[in-house]
Amino acid sequence: MERLFERADGLTPVLLSHPDSMRFRRWAALYHRRFPYQELAPLSGIEQSLRDHQAVILGLMTPDSDWAAFSMVEYLQQGTLLSYLATAKPYEGKGLAGELVRAQLATYLSRRHPYFWLEAAPKLWPFYRHLGFRVLDFDFRIPEFHASGSERMGLLIHPHAGVEQIDKAAVTAFVRELFLSSYGLKEADPRFVWQMQALARCPHSVFSL
């Protein structure tokens, strides 16, 4: 795994797949520091996803066993989602986040699984575009975890080499699973209904990548 991280001088790659450890508690501290409250999924849900092998955390640790950076992916039936990516402040600007994303792409993107997904605020789109992601052209808003509102984001996708489009039906199936499974919404939730309607209003049947 070390060969994937050319800029991680002095840091150790770690794959965290079970929550019952000091590493998880230290990861949780960085997780809470780096994301706004409304984007924080409950730790109990993340713990359960790790135990059920529905998620995994890949990160880089310092010699003092602190997290320098991490990425978390979720395994959905419709594809793999990069759900969180963060760097501790002392390690910002060193390219660690980009290397973590590339490592995840190398693991999960293939001809058999040609799409790798993520949600990102507009200010982060240039960073992800540089890594090969495409912003899908429709109005996308994620549900807040601890309130009844929503937040404007973009749904981004990294296609496998040679893949130039994705059917709207596949995007709709992914968003449906994301909202009902990952966010735990009910089909009657106005945020789910609105998002499904926003996709239905898209005039094209495929998204160009």
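For the structure, check the block above.
Cut-off values and rules
- Residues numbered from 1 in each chain as written.
- Predicted model: local features only at pLDDT ≥ 70, side-chain atom pairs only at ≥ 80, totals over all residues.
- Heavy atoms only, no water.
- Axes fitted to C-alpha atoms, helices over the stretch in contact; angles between N-to-C directions.
- Helix = DSSP H or I, 4+ residues; strand = E, 2+ residues; numbered from the N terminus.
- Parallel < 35°, antiparallel > 145°, perpendicular 65-115°, else oblique.
- Left-handed = near helix turned anticlockwise from the far one by under 90°.
- Contact = heavy atoms within 4.5 Å.
- Nonpolar A, V, L, I, M, F, W, Y, C, P; charged D, E, K, R; others polar.
- Buried < 20%, exposed > 50% of the residue type's maximum accessible area, 1.4 Å probe, protein only.
- Pairing = 2+ DSSP bridges.
- Right-handed = clockwise from strand over helix to strand, strands pointing away.
- Polar contact = N/O pair within 3.5 Å; in protein donor to acceptor, adjacent residues only side chain to side chain.
- Arc of directions from axis to C-beta.
- Salt bridge = Lys/Arg side-chain N within 4 Å of Asp/Glu carboxyl O.

Novice: Honestly, the packing of helix 1 (residues 22-34) against helix 2 (residues 43-51) in this entry has me stumped. Any pointers?
Specialist: Two quantities define a packed helix pair, namely the angle between the axes and the distance from one axis to the other. Their axes nearest at 12 Å, the elements helix 1 and helix 2 cross at an angle of 135°. Considered as vectors, helix 1 and helix 2 are oriented oblique to each other. Judged by the twist between their axes, the crossing of helix 1 over helix 2 is right-handed. Contact residues: Phe 24, Trp 27, Ala 28, Tyr 31 and His 32 in helix 1; Leu 43, Ile 46, Glu 47 and Leu 50 in helix 2. A class-by-class count of the residues in the contact of helix 1 with helix 2 yields seven nonpolar, one polar and one charged.

Novice: Would you mind going over the pairing of strand 4 (residues 79-87) with me for this structure?
Specialist: It is a general feature of regular strands that their side chains alternate between the two faces of the sheet. For strand 4, a buried count of nine out of nine residues is recorded, marking the element as mostly surrounded by other parts of the structure. Pairing of strand 3 (residues 67-76) with strand 4 involves eight bridges; the strand directions are antiparallel. Counted as the bridge partner of Tyr 75 is Thr 80 from strand 4. Connecting the antiparallel pair strand 3 and strand 4 is a turn made up of two residues. Pairing analysis gives three bridges linking strand 4 to strand 5 (residues 115-120), with the strands arranged parallel. If you follow Leu 81 over to strand 5, its bridge partner there is Trp 117. In the classification by handedness, the crossover that spans strand 4, the intervening helix 3 (residues 96-108) and the parallel strand 5 is right-handed.

Novice: In this structure, what is going on with the side chain of Ser 71? I would like to understand it.
Specialist: Looking at the secondary structure, you find Ser 71 in strand 3. At a separation of 2.9 Å, a polar atom in the side chain of Ser 71 contacts the side chain of Gln 104. The residues contacting Ser 71, other than those within four sequence positions of it, are Val 56, Ile 57, Leu 58, Leu 82, Tyr 84, Leu 85, Leu 100 and Gln 104.

Novice: I keep staring at helix 6 (residues 190-200) and nothing clicks. Help me out?
Specialist: For an α-helix the count is 3.6 residues per turn, leaving residues at separations of three or four pointing the same way. Of all the positions in helix 6, only Arg 191, Phe 192, Gln 195, Met 196, Ala 198 and Leu 199 are classed as buried. For helix 6, the arc enclosing every buried residue in end-on projection is 155°, short of the 170-degree limit, so these residues lie on one face. Away from its buried face, by an angle of more than 90 degrees, helix 6 presents the exposed residues Pro 190 and Ala 200.

Novice: Please clarify how unusual backbone geometry should be interpreted in this entry.
Specialist: In terms of backbone geometry, most residues other than glycine have negative phi values and most peptide bonds are trans. Even without being a glycine, His 53 presents a positive backbone phi close to 60°. Turning to its location among the elements, His 53 is positioned in the loop between helix 2 and strand 2 (55-61). Residue class for His 53 comes out exposed when judged on its relative accessible area of 58%.

Novice: I'm lost on the pattern of salt bridges in this one. Help?
Specialist: Oppositely charged side chains can pair when the atoms bearing their charge come close. For the structure on display, the rule yields six salt bridges. Ionic pairing is found between Asp 20 and Arg 51, a salt bridge with its closest N-O pair at 2.8 Å. Taken together, the residues Asp 20 in the loop between strand 1 (12-16) and helix 1 and Arg 51 in helix 2 connect sequence positions 31 residues apart. Exposure remark for Asp 20: the relative accessible area of 53% places this residue in the exposed category.

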